[in-house]
Amino acid sequence: MKAVKQQVAAAPSGRGRAPRAAPRVIHRDRSDRVVAIGLRDPWMGDLYHHLLTLPWSTFLLGLSGVYLGLNVLFALLYLLGDGAIANARPGVFVDAFFFSVLL
C-alpha cells in the first residue's frame, strides 16, 4: 500500500496575503472507494439523502413527532397570550393544543 503524502503549501504571509489552507488529502482504496481525510462531516450535511434512506416507520414516526412538537409549542405560545383564543377556557392547555391542531 502506498503511503499518503500530504503537501502543505506554505505561502508568504505578507501584506494583503492570507495564508493558504492545506490541500485536501484524498486516498483511493483498491475497491475504488474515495476516502477523504481531514474533512469535516457536517451534522446535517445531506438531510434530503438521510430522509430518503430512512425506513418508512422511522420517517413517519419522526414526522409525527415534529408535527406534535410544533403544535405543543404553538399551544404554549397561545397560553402566554391573555385571551388569545376566543371561547376557550383561560389557562387550559388542551383547548390551546386542539386550537393549534385544527388551525
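Structure first, text after, so check above.
Residues numbered from 1 in each chain as written. Predicted model: local features only at pLDDT ≥ 70, side-chain atom pairs only at ≥ 80, totals over all residues. Heavy atoms only, no water.

**Thoughts on the overall build of the protein**
Under the convention used in this document: What counts as a helix is a DSSP run of H or I of at least four residues, what counts as a strand is a run of E of at least two, and both are numbered from the N terminus. Categorising residues by exposure relies on relative accessible area from a 1.4 Å probe, with only protein chains included: less than 20% of the type maximum marks a residue as buried, more than 50% marks it as exposed, and the intermediate range marks it as partly exposed. Here the Shrake-Rupley method, with its probe set to 1.4 Å, supplies the accessible areas, and only the displayed protein chains count as covering residues.
The helix and strand inventory of the protein stands at 3 helices and 2 strands. Listed by position from the N terminus, the elements making up the protein come as β-β-α-α-α. The buried share among the 103 residues of the protein stands at 8%. Element-wise, carbon and sulfur atoms account for 61% of the exposed surface of the protein, whose accessible area totals about 9,600 Å².

**Side note on a nonpolar patch on the surface**
As a reminder, the rule being used: Only residues whose relative accessible area exceeds 30% and that form no salt bridge are eligible for patches; like-charged ones are grouped when within 9 Å, while nonpolar side chains (Val, Leu, Ile, Met, Phe, Trp, Tyr) are grouped when within 5 Å. Salt bridge, as used here: a side-chain nitrogen of Lys or Arg that lies within 4 Å of a carboxyl oxygen of Asp or Glu.
Taken together, Val66, Leu70, Leu73, Phe74, Leu77 and Leu80 make up a surface patch of nonpolar side chains, about 600 Å² in accessible area. Here Phe74 is to be found in helix α2 (residues 56-80). A relative accessible area of 43% places Phe74 in the partly exposed class.

**Focus: the packing of aromatic side chains**
Each aromatic ring pair is specified by the distance between its two centres and by the angle formed by the two planes. What counts, and what does not: Centres within 6.5 Å are what make two rings of Phe, Tyr or Trp a pair, Trp counting through its six-membered ring; a difference in plane orientation under 30 degrees is then read as stacked, over 60 as edge-to-face, and the rest as tilted.
The full count for this structure, using the stated rule, is 4 aromatic pairs. Geometrically, the ring pair formed by Tyr78 and Phe99 is edge-to-face, given 5.1 Å between the ring centres and 75° between the ring planes. Of this pair, Tyr78 sits in helix α2 while Phe99 sits in helix α3 (residues 93-102), and the two are 21 residues apart along the sequence. On the accessibility criterion, Phe99 (30% relative accessible area) is partly exposed. Among the aromatic residues, ring-to-ring pairing joins Phe93, Phe97 and Phe98 into one connected group.

**Quick word on the pattern of salt bridges**
The final tally for this structure, using the stated rule, is 1 salt bridge. Here Asp95 and Arg89 are joined by a salt bridge, their closest N and O atoms 3.0 Å apart.

By themselves, these are just geometric observations and shouldn't be taken as functional.
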